[in-house]
Amino acid sequence: MAEQKWIAEEGSEGRLDKYLSENADLSRTRVQQLAKEGKIFVNGKAAKSSLKVRAGDEIVCDVPEDQPLDIKPENIPLDILYEDEDIIVINKPKGMVVHPAPGNYSGTLVNALLYHCRDLSGINGVIRPGIVHRIDKDTTGCIVCCKNDKAHKAIAKQLEDKTCHREYLAVVNGVIQSDAGKVDAPIGRDPRDRQRMTVTDKNSRDAITHFVVKERFRDATLIDCRLETGRTHQIRVHMKYMKHPVMGDTKYGGTCRYMDTQGQVLHAYRLTLVHPSTGKEMTFEAPLPQYFRDLLEILRRENA
């Protein structure tokens, strides 16, 4: 275990997880995990990641040494939208899990990346190398992964500062009457079902989703969503909150009577970021998958 120590200076006040993400080679998610494990101390006392840092505070972090990666590389084809020495942008297919988890250590995007890339960022630990953000198993589309820690920290900072823009297309149940809108509703764990998230003011985090109606059908709506924050299941939870759940999203009540979509009709079609080395703004787009196009064709025929 490697102990790291800092003395907070004037002007560095703020949340502990933010302080450490800026001063240590750690993501905020990693800092929060270490705090839960009791490995971060402020002035000699175990500290929560939300603690407010003050000038003069002594901060000590016990960072466990990296364990050998036992996640096996797998020769899984990848739809690569862009790749260089810093980042790789993938068009993720439906049904692919982003990173391994208990009971699911193969067939993931990480397994595929380990085969395709020689090196990946190690900031998020041995289970999630290169992963700076994620999209759900049955959500398709753009995801950026990082090949080194410099790129990882730069993209993570853009996500935190909301300068990395993610746009999604979704088909939701019911007809949304307004042409555009903003859902500003905090999201937290559902106390009745720990596998689900919900809009709540208890143990929640701010969540903001902007949407624009692209097309209306008899009993469905195609919308373009832009995330201002990136909470777990954010679009799916916010659409359920609006009483227009994403079609096919059985976890949040979004049935689909038209076809077997095998999950939510949600596609991360556009990703905009600033390249971590060149400083150039780049936009990547993932074409609509076949199942999504088939569904739109059915909806349009019914509308005719």
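Residues numbered from 1 in each chain as written. Predicted model: local features only at pLDDT ≥ 70, side-chain atom pairs only at ≥ 80, totals over all residues. Heavy atoms only, no water.

Caption draft 1: Quick look at the side chain of aspartate 84. Tracing the backbone through its elements, the reader meets aspartate 84 in the loop between strand S7 (80–83) and strand S8 (87–92). The charged side chain of aspartate 84 is buried without a salt bridge, its nearest counter-charge being lysine 147 at 6.1 Å. A polar side-chain atom of aspartate 84 sits 2.7 Å from a polar atom in the side chain of tyrosine 82. Polar contacts involving the side chain of aspartate 84 include one to the main-chain amide nitrogen of aspartate 86, which spans 2.8 Å. Discounting chain neighbours no more than four positions away, the residues touching aspartate 84 are Lys147 and His275. (Helix = DSSP H or I, 4+ residues; strand = E, 2+ residues; numbered from the N terminus. Buried < 20%, exposed > 50% of the residue type's maximum accessible area, 1.4 Å probe, protein only. Lys, Arg positive; Asp, Glu negative; His and termini not counted. Salt bridge = Lys/Arg side-chain N within 4 Å of Asp/Glu carboxyl O. Polar contact = N/O pair within 3.5 Å; in protein donor to acceptor, adjacent residues only side chain to side chain. Contact = heavy atoms within 4.5 Å.)

Caption draft 2: Fine view of the packing of aromatic side chains. With the rule as written, the count across this model stands at two aromatic pairs. Judged by centre distance (5.4 Å) and plane angle (40°), the ring pair of tyrosine 82 and phenylalanine 284 falls under tilted. A residue pair is termed long-range when its members are at least 10 positions apart, and tyrosine 82 in strand S7 and phenylalanine 284 in strand S18 (residues 281–285) qualify at 202 residues. Residue classification places tyrosine 82 among the partly exposed residues on the basis of a relative accessible area of 25%. Its relative accessible area of 6% is what places phenylalanine 284 among the buried residues. Ring geometry for tyrosine 291 and phenylalanine 292: centres 5.9 Å apart, planes at 55°, overall tilted. Like phenylalanine 292, tyrosine 291 is buried. (Phe/Tyr/Trp six-rings, centres within 6.5 Å; stacked < 30°, edge-to-face > 60°.)

Caption draft 3: Quick peek at the nonpolar core. Grouped together as the largest cluster of nonpolar side chains are 33 residues, with contacts concentrated most on Leu109, Leu113, Tyr168, Ile223 and Ile235. Broken down by secondary-structure element, the contributors of at least two residues to this core are S8, helix H3 (109–116), strand S9 (140–146), strand S10 (165–173), strand S15 (208–216), strand S16 (220–227), helix H5 (234–241) and strand S17 (266–274). No other element matches the five residues that H3 contributes to this core. For isoleucine 223, the residues in contact, after removing those within four places along its chain, are Tyr168, Leu169, Ala170, Val172, Ile176, Phe211, Val212, Val213, Lys214 and Met239. (Core = buried A, V, L, I, M, F, W, Y, C linked by side-chain atoms within 4.5 Å.)

Caption draft 4: Representation of the sheet that holds strand S13 (residues 193–199). One open sheet accounts for three strands, arranged S13-S12-S14; its pairing is antiparallel. The strands lining the two open edges of the sheet, one partner per strand, are S13 and strand S14 (204–205). Relative to S13, strand S12 (residues 187–190) runs antiparallel, the two sharing four bridges. Bridging from a neighbouring strand, glycine 188 pairs with threonine 198 of S13. (Pairing = 2+ DSSP bridges.)

Caption draft 5: Just the pairing of S16, in detail. Buried residues dominate S16, accounting for seven of its eight residues. By the bridge criterion, seven bridges tie S10 to S16 in an arrangement that is antiparallel. Residue pairing across strands places leucine 169 opposite aspartate 224, the latter belonging to S16. If you look at the hairpin formed by S15 and S16, you'll find three residues sitting between the two strands.

Caption draft 6: Structural view of the confidence of the model for the protein. Confidence in the prediction of the protein, expressed as mean pLDDT, is 90, and 96% of residues score 70 or more. S18 holds the highest mean pLDDT among the elements of the protein, 98, whereas strand S1 (residues 2–7) holds the lowest, 80. (pLDDT = per-residue confidence, 0-100.)

Caption draft 7: Here's a closer look at the environment of alanine 286. For alanine 286, the position within the fold is in the loop between S18 and helix H6 (290–303). When sequence neighbours within four positions are dropped, the list of residues in contact with alanine 286 reads Leu81, Asn91, Gly141, Cys142, His267, Ala268 and Tyr269.

Caption draft 8: Molecular detail of the pattern of salt bridges. Overall, the coordinates contain 19 salt bridges when judged by the stated rule. With a closest N to O distance of 3.2 Å, glutamate 37 and lysine 39 form a salt bridge. Measuring nitrogen to oxygen at the nearest pair gives 2.8 Å for the salt bridge that ties glutamate 215 to arginine 300. Taken together, the residues glutamate 215 in strand S15 and arginine 300 in helix H6 connect sequence positions 85 residues apart. We classify arginine 300 as partly exposed; its relative accessible area is 40%. Sharing partners across several salt bridges, the network here consists of Arg15, Asp17, Arg28 and Glu160.

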